[in-house]
Every structure is written in structure tokens, then in C-alpha cells.
Amino acid sequence: MSTLRARYFARDPKLWPVFRDPGLSRLVESRRHHAPTAERLAAYPNGEHLLDALKADHAIPDGPRIPGEVHEPLLFAAALSKAWENPSSVENVVTMPCDPAIYGAMLGVAANPNLVYREYCEVAEELEKTVVRQIAQLVGYDPAEATGVFTQGGTFCNLYGYLFGIRKAMPDALHLGLEHGQDYRIINSQGGHYSNTTNLSLLGVNLARKTIRVRVTSSHDIDLKDLEDQLVACFRLNCLVPCIMLTMGTTDTFGVDRVKPVYDLCRQLTARFGLTTVPHIHVDSAVGWPLIFFLDYDFAANPLAINAATLASLHHNVERFRELKYADSFTVDFQKWGFVPYTSSLVMIKERASLQALEHDPENFSYFEKGTQGQTHFQSTIECSRGAAGLFGAYSALQYLGKRGYQMLIAHGLQNANYFRHRLAHTPGALVIAQQNQGPSVGFRLYDPAIVTDPVAELAFEKEFDDSAAHRERVTRNNAYHRDVFLRRGKHGLYTNWVQFVTNTGYSDTGAWHPLPGEKAVFMNPLTDHDHIDRFVARLHAT
Ligand SMILES: *Cc1c(COP(=O)(O)O)cnc(C)c1O
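Residues numbered from 1 in each chain as written. Predicted model: local features only at pLDDT ≥ 70, side-chain atom pairs only at ≥ 80, totals over all residues. Heavy atoms only, no water.

> What exactly am I supposed to notice about the overall build of the protein chain here?
A count of helices and strands for the protein chain gives 20 helices and eleven strands. Computed over the C-alpha atoms, the radius of gyration of the protein chain is 25 Å, within 12% of the 24 Å expected from 2.2 N^0.38 for a compact globule of 543 residues. Along the first, second and third principal axes, the C-alpha atoms of the protein chain reach 70 × 65 × 55 Å. Relative to its 543 residues, the protein chain shows a buried fraction of 53%. Surface accessibility of the protein chain: about 23,900 Å² in total, with carbon and sulfur atoms responsible for 54%. One finds the centroid of the 52 positive side-chain charges in the protein chain at a distance of 3 Å from the centroid of its 58 negative side-chain charges. (Helix = DSSP H or I, 4+ residues; strand = E, 2+ residues; numbered from the N terminus. Rg over C-alpha atoms; globule rule 2.2 N^0.38 Å. Buried < 20%, exposed > 50% of the residue type's maximum accessible area, 1.4 Å probe, protein only. Areas by Shrake-Rupley, 256 points an atom, 1.4 Å probe, with all protein chains shown as cover. Lys, Arg positive; Asp, Glu negative; His and termini not counted. Charge placed at Lys NZ, Arg CZ, Asp CG, Glu CD.)

Quick look at the structure:
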């Protein structure tokens, strides 16, 4: 890891001469000073004043400024943007980008290709196809049949997923929208990311009546029995299911859905009911996708000497990711566990036909030569202009880090997460949520050790669905204790964050349930060590 850090995460101008630029080098230096957010402003020379000036500024300068001079407010804004390089930064599924990804993205920015159309990007289009082939090969898609599009974040990747399903199952929706007569239900899981809601709402789907949110198991993965029941109920009524959205790696607790059983189930049921439309399966693997770097890892020889506990759980998760190839499309966020700057997201598509189902009529595209229409994606993409910084950053990171580099970075994060779980397990009053999930995200609840001697039993009690006053009061008391500790502890060792929904209660007879809040840390940061975790745990209860 130390070599990897020094070569790819140190912003070292000897290795990456772009960082020699005076502005960049001052930026990098100022961000080497690690302090909690609240203290960073005071530590920056003239920081308070610069911030006030920035907030008061509303006029564009009259004349040009001399090139080459460092512009202080510009540098200040960059310097005081969130410091993901701080080893304590574990707030969410966000990482510092690696040096080669910054370098690659800079080349892409300087060349400024527009991926909307071949004539506007030329060879950059080949680069996009190359990354798509590489990821296709890695996951087990046929690289000749697969395709993909770099797009605006994981949310858009999932939006594509829903659209593929809708346009294949309901081709008339292209002109008539969703409510033109054919009854349908969209299926996702309660463990899914909130982008499910933003996307479906954007598409004009009636969330209450046309969306089925399938239950989750105690591991926060989709309940396959409930999924089957819901599908059967739809198919009996001849109700279309255009899309099933699965998740591999939920944001807060890394629940990983199985894909093969869903793939098989869809085929069995559509055959049984004599239906021609098989639901499109999109997998939201925005966070989890890098586990596919381990699909050909030799777990027996373990060449990276991954520790035993992490190796076993990694192996378990990787077996699930072996099923990702059964998805019709999936989300790849290079901007998360791929260590590439924003925005760098790729929607991968198993068969070109899915993307072709999005094609609009040629007469809409009067800007573009007739001859090239149909050969490129622009009639199918949601956007018009598409920037290439994310693509260049992703390609460069893949080239410089290689599969082994990624494996080491991911293993480092998972070992940290395991160490953190282990420390919590031996601290009174602490309980890890979905302990068995073993991804980079660790969600937990804290109880007052003076009152709660058995956190496992306490969570089991809280998870019973019970709307009585006594039950509610006890859950509220526990929530208040943890929230208070979280606020009083301050930023210490690790910068965790609060989540309103870290797990859920069980279900009532009518399927009702409640979210339970908690705290989380996500271990993707290549600079975090045991030492940061120890410091955090030492002040866990803010005592
Ligand atoms: C982050 C995330 C998304 C949304 O991705 P953006 O890149 O932030 O738009 C979707 N699904 C999951 C599981 C995520 O963690």
C-alpha cells in the first residue's frame, strides 16, 4: 500500500509533473494540512476575509486579468473544498481521485471532445468504446455485443436502466408516455438508493400505484420470495413489468442482491404465463462494481496476502458479483470506488438492442449528417452534449493502476472496514448493522452501555414491528442517546455521518415498516489506517 500511495495518491510533482504548476502545487500543499472542516477556514491564510469577499462578490471584472498569476479567490475555493485526501474522510461513498485519473481527466478537458456525436469527438469515441469493452470483458459480457454510455452520474445510469425496460416493453411510450392504456408495474427494492425515487418521479411514474418496492431480508438484500409473489401477482393480471431494479452494494450497509435467481425467475414465469416481454434487469452497482476486479483472483493462493477474515467475506461477495453478467444493464460509478474525479459514470448494456430501443425518430436530429445517424448513440442518449473528462479519467486510472492496483485499494478498504467492525464488536453499547455484509460501508447503532447491556437483543427488540407507545418510547430513547453522542463526539479520528435509515424494522401484517437511524463510516479512503480507527473508537461514546 505504501508504494501505491506514494505513486498514485501523493500528488508528487516528480512523478506527475502537472502538479508542478504554481496554482496546483499551492492547492496540493494547502490540502496536506488535515483538520476538521470547522478548523480549516481559520487555518487558511486570510481565510475568513476571503470567504466574506467571495460571498459578497457579484460583479464580473471589467477588464481581463494577467494570465499566469494565481487568482487568490479561485485557489481559496478549491483549497477549502471538502478534503477527501484527509485520511479521516470516510463520510460516504466518496474518495480522493488517484493522480493518474486527475491527469487523464485534464487531458480530456484540454482536448474538449463532445461525446454527443462522432464529428465532435473523433478518436474520443474510440476511447469510450475501449473502456466499455474492457468493463464488458471484466464482467463477462460478450464485448462484441455489449455497449455502454458515459453519463452524468450513477443516477442517470439508473435512469437509463428504467428507460431500457420501459421502451422495450412499451415501445409506444416513446410518443404516448406511460399512461396510454397498457397496465404496468416497475419493481425495485426497499434497500435501493433514493435515485430510484427521483428517476421514477422524473419519468412520470405514479410512485404509489405503479411502483412495487419489494421487501428486504435481514441482510438488506432483496427478498426473493416477495419478489416472486409480486411478479406472479402482476403476470396473473396481464400487467407488464418493464424493469426490475436490483442493487449490488447498497450505499449504507452494502447489501448485495443476487441476479441469477431473478434472471431465472423472470424466464420461468414469463414462459409459464405465455408472455413475450421479459422484464429488463438493471443492477445498480454504482458502489459495488469494483468487486468485479476480483472475479479471477486466486483466492486459494491469495497473492495479495489479504487477511483471513477479509478474504473469506470478499470471496463470498465476489461470488455474488459473478452473477452481474446476468444483468441486462448495470451502473458503474468510477467516481466512487474507482478513484476518478467527478463526474465519471458509465452505464453498461449487455445487448445493443436495449440502447436502440431508446432511439428517437431521425427527423429530430436536423443538426447531424444523415449518413452517420444510426451508427452512433446520439439518437438514444438522454443528454445532448456529453463531456469526456470522466471517460479520460477512468481510462487513465484503469491503465495506470491495472487490475492489481484496484485489487489492493479495494482490499485495503475492506480490511479497514473489518477492523472497524471488530473494534465495535468489542466496545460496550455498539452494534454493527447487517454485520454479515462485509462491504466497505459500516452502519452501526450506539446504545447507552449503562442501560443496554445486550445490544444484539436490543436491536432485535427494536426491529419487531410494534406501534405501541412503550415500544416507540424505547426506540426514541435509544435514538436520542446515539444522536447526542454523535453530536458531542465531534470529528475525531474518523469523520462519520448520520443516516436516518440505517436499517428497518420488521414488517407488520399489512407490510408496514419503519426506518431506524444510525451512524456510518465508509472505508474507501486509501490513506486511512488502523490508527485513525483506534482514535475514533477511543471516543466512541464521547466520554
Ligand atoms: C451513489 C449512488 C447512486 C447515485 O449515484 P450518483 O453518481 O451519486 O448519481 C445510486 N445508487 C447507489 C447504490 C449509490 O450509492
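> Sorry if this is basic, but what is going on with the nonpolar core here?
The nonpolar side chains of a soluble globular protein tend to be buried with one another. Ranked by size, the top nonpolar core spans 86 residues in total, and within it Ile135 and Phe334 carry the most contacts. Top contributing element to this core by residue count: helix H17 (residues 389–425), with eleven residues. Setting aside residues up to four positions removed in sequence, Phe334 forms contacts with Val131, Ile135, Phe150, Trp289, Phe339, Val340, Ser344, Leu346, Ala394 and Leu398. In this structure, Tyr419, Leu446, Val485 and Ala521 belong to the second largest nonpolar core, which totals 20 residues. (Core = buried A, V, L, I, M, F, W, Y, C linked by side-chain atoms within 4.5 Å. Contact = heavy atoms within 4.5 Å.)

> Can you help me understand the site of the ligand in this one?
In the vicinity of the ligand, 14 residues are found, and the nearest of them are Gly154, Thr155, Asp284, Gln335 and Lys336. Here an oxygen atom of the ligand and a side-chain polar atom of Thr251 are 2.8 Å apart. At 2.6 Å from an oxygen atom of the ligand is found a side-chain nitrogen or oxygen belonging to Gln335. For the ligand, the protein covers 86% of the area, taking 380 Å² as the surface of the free molecule. Ranked by residue count, the leading element in the shell around the ligand is helix H9 (residues 153–169), at four residues. In terms of residue class, the shell around the ligand is made up of two nonpolar, nine polar and three charged. (Near = heavy atom within 4 Å. Polar contact = N/O pair within 3.5 Å; in protein donor to acceptor, adjacent residues only side chain to side chain. Nonpolar A, V, L, I, M, F, W, Y, C, P; charged D, E, K, R; others polar.)

> Can you walk me through the side chain of Thr505 in this structure?
Looking at where Thr505 falls in the secondary structure, it is placed in the loop between strand E10 (497–504) and strand E11 (515–522). With relative accessibility at 5%, the residue Thr505 sits in the buried group. Residues contacting Thr505, with those up to four places away along its chain left out, are Glu462, Lys463, Phe465, Trp513, His514 and Leu516.

> Just to check I follow, could you spell out the packing of aromatic side chains for this structure?
To describe a pair of aromatic rings, you give the distance between the ring centres and the angle between the ring planes. Considering all chains together, one arrives at 24 aromatic pairs under this definition. Measuring from ring centre to ring centre gives 5.6 Å for Trp289 and Phe293, while their planes differ by 55 degrees; the resulting arrangement is tilted. A relative accessible area of 2% means that Phe293 is categorised as buried. The ring of Trp84 has Lys82 sitting right over it, with the charged end atom 5.0 Å from the ring centre. In this structure, Lys260 is placed above the aromatic ring of Tyr326, and the distance from its NZ or CZ to the ring centre is 5.4 Å. (Phe/Tyr/Trp six-rings, centres within 6.5 Å; stacked < 30°, edge-to-face > 60°. Lys NZ or Arg CZ within 6 Å of the ring centre and 35° of its normal.)

> Could you clarify how one ought to interpret the domain arrangement of the protein chain in this entry?
Buried accessible area, meaning the area lost when the parts come together, often serves as the stated size of an interface. On domain assignment, one finds that the protein chain holds domain 1 (2–32 + 45–79) and domain 2 (426–538). Taking only C-alpha atoms, the centre of domain 1 and the centre of domain 2 are 38 Å apart. (Domains from an automatic or database assignment.)

> For this particular structure, what's the right way to read the environment of Thr453?
With respect to the helices and strands, Thr453 occurs in the loop between strand E9 (441–446) and helix H18 (455–463). Considered as a pair, Thr453 and Pro428 are 25 residues apart in the sequence and their alpha carbons are 7.5 Å apart.

> When you look at helix H2 (residues 22–30) in this model, what are you seeing that I'm missing?
Turn by turn, an α-helix covers 3.6 residues, leaving residues three or four places apart pointing in a common direction. For H2, the set of buried residues is Gly23, Leu27 and Val28. In a view along the axis of H2, the buried residues occupy a sector of 130 degrees, so they form one face of it. At its buried positions, H2 is contacted by helix H5 (72–79). Near the N-terminus of H2, the side chain that reaches the backbone nitrogen of Gly23, with its oxygen 3.0 Å away, is that of Asp21. (Arc of directions from axis to C-beta.)

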